[in-house]
Amino acid sequence: MAIGSPLRKRGFRPARALLSSQFALMSEYRAEIALWALSGLLPFIMLALWRQAPAGAALGLGSLGLDRYFLSAYLVRQFSVVWVVFAFEEDALLGRLSPYLLQPLHPLWRYVAAHLAEQLTRLPFAAVIAAVFFLINPGAFWLPSVGQFVLAALATLGAFAIAFLLQSLIAALCFFSEKASALERLLFVPYLFFSGLLAPLAAFPQGVRAWAQWTPFPWLIDFPARLLAGLPVALGVGFAAELAWIAVLLPLALLLWRAGVRRYTAMGA
Amino acid sequence: MAALRRYLLTLRRFWGTALAGQLEYQLNVVLELLAAIANLAGSVFILSLFFGQERALGGWSWQQALVVQGVYTLLDGVASTWLRPNLGAIVTHVREGTLDFVLLKPIDSQFWLSLRTLSPAGLSEIALGLGLIAWAAPRAGATFRASGLALALLVLLAALVTLYSLWFLLATTSIWFVKTWNATEVLRAALTAGRFPISAYPPGLRLLFTVVLPVAFLTTVPAEMLLGRGSAPLLGAALLVAGVSFGLSRAFWRFALGHYTSASS
């Protein structure tokens, strides 16, 4: 079952139905999603530290640059959060996956739609938090130009795609082992420390930064956040890296998924 | 005395069965250990970014800040081992109505809900935290004497009680708002501020983290004590915060139970 073929055949009707039903579903969980948006406040705690510390001044971003970087990091994170492995593990264990597999649509599309719908529900909460940030800190206010905004949105979409594919790889392992989501903890650790959520990559020692750039993580937060904040950034390199990671991960995820479905016995793993 | 013995015996049964159940998943223990080590390495790396040549973070030297990090790791481990598995289950009890059974038992319901199970998930973090403290504290100039160590342990215990009470207060709200169980995630996120000494924050946040959300008493104050920089007022404040938080959690639980109407309503 090739990913994408149903959409090509029948136009965008299934996509629209999937998205609007998932949006209705997610809207029921507004309170929870608001709390999730709040629980992502870590970048602001780090901002307070970096602004206060002498090491922050040595970064060369200026205090405005720091403010905007961390607000952007928060926003990028909000719109690239991925939880497919948890949803999938539950569906597989409870047997809900079986009817999904019978449908003429790759089940991963369902999760993609759920994520996009959830991001849409997050939008107002993220906007409120950005507004509060500017109220407390009016000097940091900026509006990115249309071009900047579009590029940052594309980079965030790329970050979401990479994170989604990485987690789908782990999710596909649920076909082989019951507790594959424990592996997600191992994936989250380098994400947390090398993505730029806690410190801009510019703060890393030269050697670590050079090494980190060969992993997918800096392109998930640091690159889109710098774009959105209007900080100097290597555009071509960033987008090329995102595309390269997508090109590597997409076939891997699909292959592993196909091998997994063959082992699937409809009774848990 | 007989009541205390009964409670201790119950506790042994609780934890014995919990550990026996969890040890079936041995691979998970290995994964948790790996994740804990990687997590600590990453945290220390981020902390190191604040220290260059002779820089300090809020007046704390590198080794002193590592003691704070150690205390944080220890508490986080305790949270994974003890608080998350127990207090995270409260919402399920409320939603499915099994809280009724808990309330009917001839044992204090807060005791039952708070200490029912243990998960070995955080044990590796506890060990790592203790190791980091033991490594960094002497290098930061701490001299351990029996009395000082006893005081430091007392303050650590107070920090644990404070952490538990904050967590339990939030978990109790699930009696009314079943859907806001994620509130504990917000608490966890806010508590990560405790990775760093409180004096590294701007004054407004410092006030917030001392008075409103007592993060300062969770990691910075125990670290001060471990480093032998504690004072009587600091000790008194830590004990007071712990006592008040615990009293509040207990009072709030009783109040919440008054509003509990079982699952069907």
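Presented here is a report on the structure given in the accompanying data block. The shown structure was predicted, so the numbers you read here are calculated from the model rather than taken from an experiment. (Residues numbered from 1 in each chain as written. Chains lettered and ligands numbered in written order. Predicted model: local features only at pLDDT ≥ 70, side-chain atom pairs only at ≥ 80, totals over all residues. Heavy atoms only, no water.)

Concerning the interface of chain A and chain B
At the interface, 32 residues of chain A touch 34 residues of chain B. Here chain A and chain B share an interface that buries about 2,900 Å² over both sides, 75% of which is from carbon and sulfur atoms. Where chain A touches chain B, the interface holds one salt bridge. Between B:E32 and A:R185 there is a salt bridge whose closest N-O contact spans 2.9 Å. Between the two partners, chain A and chain B, sit one residue pair in polar contact (both at pLDDT 80 or more). For the side of chain A that touches chain B, the secondary structure elements donating two or more residues are α3 (30-39), α4 (42-52), α5 (54-57) and α11 (181-194) of chain A. Partitioned by chemical class, the residues of the side of chain A that touches chain B number 26 nonpolar, two polar and four charged. (Contact = heavy atoms within 4.5 Å. Buried area = accessible area lost by both parts, 1.4 Å probe. Salt bridge = Lys/Arg side-chain N within 4 Å of Asp/Glu carboxyl O. Polar contact = N/O pair within 3.5 Å; in protein donor to acceptor, adjacent residues only side chain to side chain. Helix = DSSP H or I, 4+ residues; strand = E, 2+ residues; numbered from the N terminus. Nonpolar A, V, L, I, M, F, W, Y, C, P; charged D, E, K, R; others polar.)

Considerations on the environment of A:L75
With respect to the helices and strands, the residue A:L75 is situated in helix α6 (residues 62-78). The sequence separation of A:L75 and A:L228 amounts to 153 residues, and the corresponding C-alpha distance is 9.3 Å.

Description of the packing of aromatic side chains
Per the counting criterion, the structure on display carries 32 aromatic pairs over all chains. Between the aromatic rings of A:F44 and A:F133, the centroid separation amounts to 5.5 Å while the plane-to-plane angle is 35°, which identifies the pairing as tilted. Of this pair, A:F44 sits in helix α4 while A:F133 sits in helix α9 (residues 107-136), placing them 89 residues apart in sequence. Note on A:F44: relative accessible area 16%, which makes it buried. Take A:F133: its relative accessible area is 9%, and that puts it in the buried class. Taking 5.3 Å as the distance between ring centres and 10° as the angle between the ring planes, the aromatic pair formed by B:W82 and B:Y164 counts as stacked. One end of the pair, B:W82, is in helix α3 (residues 62-87); the other, B:Y164, is in helix α8 (residues 146-172), and 82 residues separate them in sequence. One aromatic cluster is present, built from ring pairs that chain together A:F44, A:Y74, A:F133, A:F134, A:F141 and A:W142. (Phe/Tyr/Trp six-rings, centres within 6.5 Å; stacked < 30°, edge-to-face > 60°. Buried < 20%, exposed > 50% of the residue type's maximum accessible area, 1.4 Å probe, protein only.)

Regarding the nonpolar core
A:M46, A:W50, A:F88, A:Y111, B:I46, B:F50 and B:Y201 are the most contacted members of the largest nonpolar core, which has 159 residues in total. Broken down by element, this core gets its largest block of residues, 13 residues, from helix α10 (residues 146-173) of chain A. Not counting the four nearest positions on each side in its chain, B:Y201 is found in contact with A:I45, A:A48, A:L49, A:Q52, B:A193, B:F196, B:R206 and B:F209. (Core = buried A, V, L, I, M, F, W, Y, C linked by side-chain atoms within 4.5 Å.)

Focus: the side chain of A:T121
Residue and element names in this part refer to chain A. Tracing the chain through its elements places T121 in helix α9. Polar contacts involving the side chain of T121 include one to the main-chain carbonyl oxygen of A117, which spans 2.7 Å. Ignoring sequence-local partners within four residues, the contact set of T121 consists of F23, M26, S27, R30 and I33.

Some thoughts on the pattern of salt bridges
Residues and elements named next belong to chain A. Counted under the stated rule, the structure contains seven salt bridges over all chains. Here R51 ties to D67 by a salt bridge, and the two come within 2.8 Å at their closest N and O atoms. Highlighted residues: R51 in helix α4 and D67 in helix α6, separated in sequence by 16 residues. Using a relative accessible area of 3% as the deciding quantity, one classes D67 as buried. Residue D91 is joined to R96 by a salt bridge in which the shortest nitrogen-to-oxygen separation is 2.8 Å.

Quick look at α11(A)
Given a rise of 1.5 Å per residue, 14 residues ought to cover 20 Å, and the 21 Å separating the end C-alpha atoms of α11(A) matches this to within 8%. Buried within α11(A) are the following residues: A:S181, A:A182, A:E184, A:L187, A:V189, A:Y191, A:L192, A:F193 and A:F194. Each element contacted by the buried residues of α11(A) is listed here: α4, α6, α7 (84-94), α10 and α12 (206-212) of chain A together with α2 (26-49) of chain B. The first or second residue beyond α11(A) is A:G196, which carries a positive phi of 100°. (Expected span 1.5 Å × (residues − 1).)

Focus: the side chain of A:S168
Residue and element names in this part refer to chain A. Inspection of the secondary structure assignment puts S168 in helix α10. Reaching out from S168, the side chain makes a polar contact with the backbone oxygen of F164 at a distance of 2.7 Å. Once residues lying within four places of it in the same chain are set aside, the contact partners of S168 are V84 and L108.

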